[in-house]
Amino acid sequence: MPVDNTSPSPLQAMQDLLSEAGEAILDRTRTLSSSTVPDTIRAIAGKVGNSLPTQVGLGALTVGGSAAVDAVWTGVATAGRLGRDGVRLGWSWFGSQAEEIARYGDSLVSGVRGRSSTETEALLQDALRKHDALIRELQDRNAASSERLAYLHELLVRLEGAMSGLVADEQPSHPDHLVVLAAQRQRLDVELRMTEQAAGHADANIAKATALLAGLAARRDAGPTSTRSVCFGPPVLRPWDEILSEAKNDCDGEAVSFGRVLSEQEQRAVSSRLSGWDDEFAALHRLTSYDYAVAGVAGILGALADILLVKVPGHSQYLGSATSEGGWLSNVLNDGFDRLLPADTVQRLEQAYKVPYDASTNFMLDEAVVGLNPWTHRLHSLGHDPILGWFFGVRDILGGQLSTIGADGSYVVQRTIFGGGDPEWGIGVFARLAGAFCSVGGHMVSDMSTATGLPPPLFGALQTLQAEVVDGQSIASIARDMYLGGYDFRHFLAGGVCVAAIEAIVRTAWLAGEISDGKPIRQALPVGAKPRLRTTLFLAHGVASAVNAGKVAVTGNPLALNYAQWLAFFRYLLPQLHWVLLERERERGIFVRAQLEDRWTEIDHEVAETWRRIFGPTLRAEL
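Q: Is there a simple way to explain the overall build of the protein chain in this structure?
A: Secondary structure assignment for the protein chain yields 20 helices and 4 strands. A buried classification covers 45% of the 623 residues belonging to the protein chain. A fraction of 77% describes how many contacts in the protein chain between residues 6 or more apart in sequence connect residues 24 or more apart. As displayed, the protein chain offers around 31,100 Å² of accessible surface, 58% of which is attributable to carbon and sulfur atoms.

Q: Could you clarify how one ought to interpret the nonpolar core in this entry?
A: Within soluble globular proteins, side chains that are nonpolar tend to cluster in buried spots. In terms of nonpolar packing, the biggest core is built from 36 residues, with Tyr-357, Ile-397, Val-440, Met-448, Phe-459, Met-482 and Tyr-563 touching the most fellow members. Elements supplying a minimum of two residues to this core: helix H12 (343-352), helix H14 (389-399), helix H15 (429-448), helix H16 (475-484), helix H17 (489-516) and helix H20 (563-615). Beyond its immediate chain neighbours, meaning those up to four positions away, Val-440 contacts Tyr-357, Gly-389, Trp-390, Gly-393, Val-394 and Ile-397. Among the nonpolar cores identified, the runner-up in size contains 15 residues, and Val-294, Ala-298, Leu-533 and Tyr-572 belong to it.

Q: Even after reading the chapter, I still don't get the packing of aromatic side chains, so can you show me in this structure?
A: Within a pair of aromatic rings, the relevant descriptors are the distance that separates the centres and the angle that separates the planes. Tallying each qualifying case throughout the model produces 12 aromatic pairs. Between Trp-566 and Phe-569, the ring centres sit 5.9 Å apart and the planes meet at 80°, which makes this aromatic pair edge-to-face. In this pair, Trp-566 and Phe-569 both sit in helix H20, 3 residues apart, roughly one turn of the helix. Judged by centre distance (5.4 Å) and plane angle (70°), the rings of Phe-569 and Phe-570 are edge-to-face. Owing to a relative accessible area of 43%, Phe-570 belongs among the partly exposed residues under this scheme. Note that Arg-571 overlies the ring of Tyr-572, its terminal NZ or CZ placed 4.3 Å from the centroid.

Q: So what exactly am I meant to see when it comes to H12 here?
A: Two residues of an α-helix separated by three or four positions point the same way, owing to the 3.6 residues in each turn. Among all positions of H12, only Thr-345, Val-346 and Leu-349 are buried. The arc enclosing the buried residues of H12, seen along the axis, measures out at 100°, which places them on a common side. Exposed side chains of H12 directed beyond 90 degrees from the buried face belong to Ala-343, Gln-347, Arg-348 and Gln-351. Summarising the contacts, the buried residues of H12 are in contact with H15.

Q: Looking at this structure, I do not really get the side chain of Ser-446. What am I missing?
A: Looking at the element boundaries, Ser-446 is found in helix H15. Owing to a relative accessible area of 0%, Ser-446 belongs among the buried residues under this scheme. One polar contact links the side chain of Ser-446 to the main-chain carbonyl oxygen of His-443, over a distance of 2.6 Å. Excluding anything up to four places from it in sequence, Ser-446 contacts Val-346, Leu-349 and Glu-350.

Q: Whenever I open this one, the pattern of salt bridges confuses me. Can you help?
A: Close approach of charged atoms allows side chains of opposite charge to pair. Applying the stated criterion across every chain, the model contains 15 salt bridges. With its nearest N and O atoms 2.5 Å apart, the salt bridge here joins Arg-532 to Asp-291. Taken as a pair, Arg-532 in helix H19 (residues 531-555) and Asp-291 in helix H10 (residues 289-310) lie far apart in primary sequence, 241 residues in all. A residue is classified by how much of its surface remains accessible, and Arg-532, at 13% relative accessible area, is buried. The partner of Glu-585 in a salt bridge is Arg-588, and the shortest N-O contact between them spans 3.1 Å. Separated by 3 residues within a single helix, Glu-585 and Arg-588 lie in helix H20, roughly one turn from each other. Taking the relative accessible area as the measure of exposure, Glu-585 reaches 48% and is therefore partly exposed. Among the residues examined, Arg-588 registers a relative accessible area of 22% and is labelled partly exposed.

Q: Sorry if this is basic, but what is going on with a nonpolar patch on the surface here?
A: On the surface, a cluster of nonpolar side chains totalling about 860 Å² of accessible area is made up of Val-297, Ile-300, Leu-301, Leu-304, Ile-307, Leu-308, Leu-309, Trp-328, Val-332 and Val-547. Those elements that place two or more of their residues in the nonpolar patch are H10 and helix H11 (328-340). A per-element tally of the nonpolar patch places H10 first, with 7 residues. Locating Ile-307 in the fold gives a position in helix H10. Look at Ile-307 and you get partly exposed, because its relative accessible area is 35%.

Conventions used here
- Residues numbered from 1 in each chain as written.
- Predicted model: local features only at pLDDT ≥ 70, side-chain atom pairs only at ≥ 80, totals over all residues.
- Heavy atoms only, no water.
- Helix = DSSP H or I, 4+ residues; strand = E, 2+ residues; numbered from the N terminus.
- Buried < 20%, exposed > 50% of the residue type's maximum accessible area, 1.4 Å probe, protein only.
- Contact = heavy atoms within 4.5 Å.
- Areas by Shrake-Rupley, 256 points an atom, 1.4 Å probe, with all protein chains shown as cover.
- Core = buried A, V, L, I, M, F, W, Y, C linked by side-chain atoms within 4.5 Å.
- Phe/Tyr/Trp six-rings, centres within 6.5 Å; stacked < 30°, edge-to-face > 60°.
- Lys NZ or Arg CZ within 6 Å of the ring centre and 35° of its normal.
- Arc of directions from axis to C-beta.
- Polar contact = N/O pair within 3.5 Å; in protein donor to acceptor, adjacent residues only side chain to side chain.
- Salt bridge = Lys/Arg side-chain N within 4 Å of Asp/Glu carboxyl O.
- Patch = residues over 30% accessible without salt bridge, like charges linked within 9 Å, V, L, I, M, F, W, Y side chains within 5 Å.

In structure tokens form, the structure reads like this:
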């Protein structure tokens with residue numbers, strides 16, 4: 001056949017190779033010598049032609065005696081090596097590009113539109129996993145040696161080399177890296193089909209050779225057989241622009257999506273995996289029947305303790321209601337404080353810890369405070385609040401002033417006769433600050449067991465809530481009446497015992513349940529930010545608060561309110577709302593990201609193992 005010295009264009013060379021590949025698949029007897037475009041193929045395969053071992057026809061075996069047997073045996077022995085080496089040649093380009101693909105993985109995830117970042121990354125993982133699986137499949141399925149097999153392998157190996165000469169215009173309508181993956185998937189599908197055909201013919205040739213050896217019944221001599229093997233140099237990493245340009249050309253300007261990379265079945269598998277991760281995350285934080293039972297039992301027990309043991313503080317016809325002797329638990333705490341702080345101890349504490357914010361009337365005050373009198377001055381003076389007092393009380397001592405919220409909701413700060421002027425911020429500032437804290441604490445202790453006692457936490461701040469809510473009364477007036485009716489800090493602590501009981505029941509049950517599930521003690525401890533534990537506590541306090549609301553509604557008595565219980569309920573309500581509305585989705589993203597990172601690690605190991613199996617443990621790519 002005359003040789004056409006005119007160099008074909010890259011596009012024409014690609015078309016010739018694709019046409020030849022199609023003919024090679026259809027015609028199982030086709031070899032390099034019978035090809036219609038032998039010059040094209042020889043020009044491509046010339047570089048490796050000398051490295052192939054000499055092929056021996058099977059028909060010559062019948063007359064070649066011992067030499068024929070040697071040749072057949074050599075063909076059988078080298079069949080696996082040829083198939084393996086052919087695959088190594090054909091897929092060295094992927095090994096050299098694996099690092100490049102991994103480097104651009106993150107930009108691929110951020111560039112693909114129409115999908116969430118986690119689903120895009122999962123799809124990319126399956127695409128890379130399929131590439132690596134196909135490489136291993138090609139390596140394992142080739143175990144034959146023949147002219148036909150060498151021809152097919154050299155054809156598919158150099159198909160990719162011919163594509164590298166094509167240059168396509170830039171296509172900004174879809175992500176560059178997705179274009180590359182789609183083009184490589186297309187090549188993989190074509191080459192896999194051709195390799196399966198080659199493997200089938202290699203198996204047939206091996207079977208013929210084995211049958212012929214058995215028919216000859218001849219013993220082979222022990223002399224060495226000379227064959228030459230294919231040797232590989234280090235793979236060369238091609239520039240990304242070159243890879244991208246040929247991929248764009250392969251896609252012919254068509255829009256590229258993951259449908260070109262993964263089949264519908266594979267995409268459904270990825271979606272199923274993501275759904276499985278979501279279900280696994282939900283299961284970590286989903287309450288079990290045991291958790292619901294613990295929350296219900298703890299809440300009911302806490303509510304019963306409030307109804308039977310705390311009741312209402314002792315009072316004499318509060319707002320026209322019948323006289324109450326107080327609950328057993330409340331009375332126990334009152335008696336305990338009376339024994340702990342007898343009258344003489346209280347007097348010594350009052351003398352030792354005088355404070356400027358202890359004015360009980362408006363006498364000698366520059367500005368009158370509405371509602372200030374000997375029975376309510378601790379309610380209106382913010383320095384007496386068990387929580388706010390550590391700020392306002394210390395500030396009032398250092399400034400010699402009185403900070404109050406009147407019964408009308410007005411906030412008044414004024415100097416008192418006990419004040420010494422502005423604090424001196426000098427060398428003794430820390431000593432003065434420490435002394436102020438000591439004075440606040442000592443004065444609170446001195447007021448603990450008085451007739452009206454300290455107000456419950458934040459009761460003074462409630463005086464700002466002047467809007468009418470129930471029967472023409474505001475929250476401020478209800479809180480003031482409750483304090484005058486005996487609802488002080490001691491009764492608040494009695495209600496707090498019920499809250500503590502709920503906490504103890506739930507946390508102990510949690511610890512027992514986690515240990516029974518095989519968790520180590522360190523992980524089972526009921527402390528820290530554990531959403532399932534927090535939700536269980538929220539439900540338990542919700543049950544107790546609901547029962548307490550019924551108690552107040554039935555009795556119509558505000559003194560029946562368990563203030564400590566409601567503070568605990570709102571303490572868990574706010575974090576629970578934050579978890580449901582914001583944090584849960586963020587934690588789910590962290591969980592899915594961790595799963596994706598695990599899959600990336602697996603892919604890295606698999607690609608590295610494939611590289612070692614093809615190129616050896618020490619071979620490195622060259623840039």
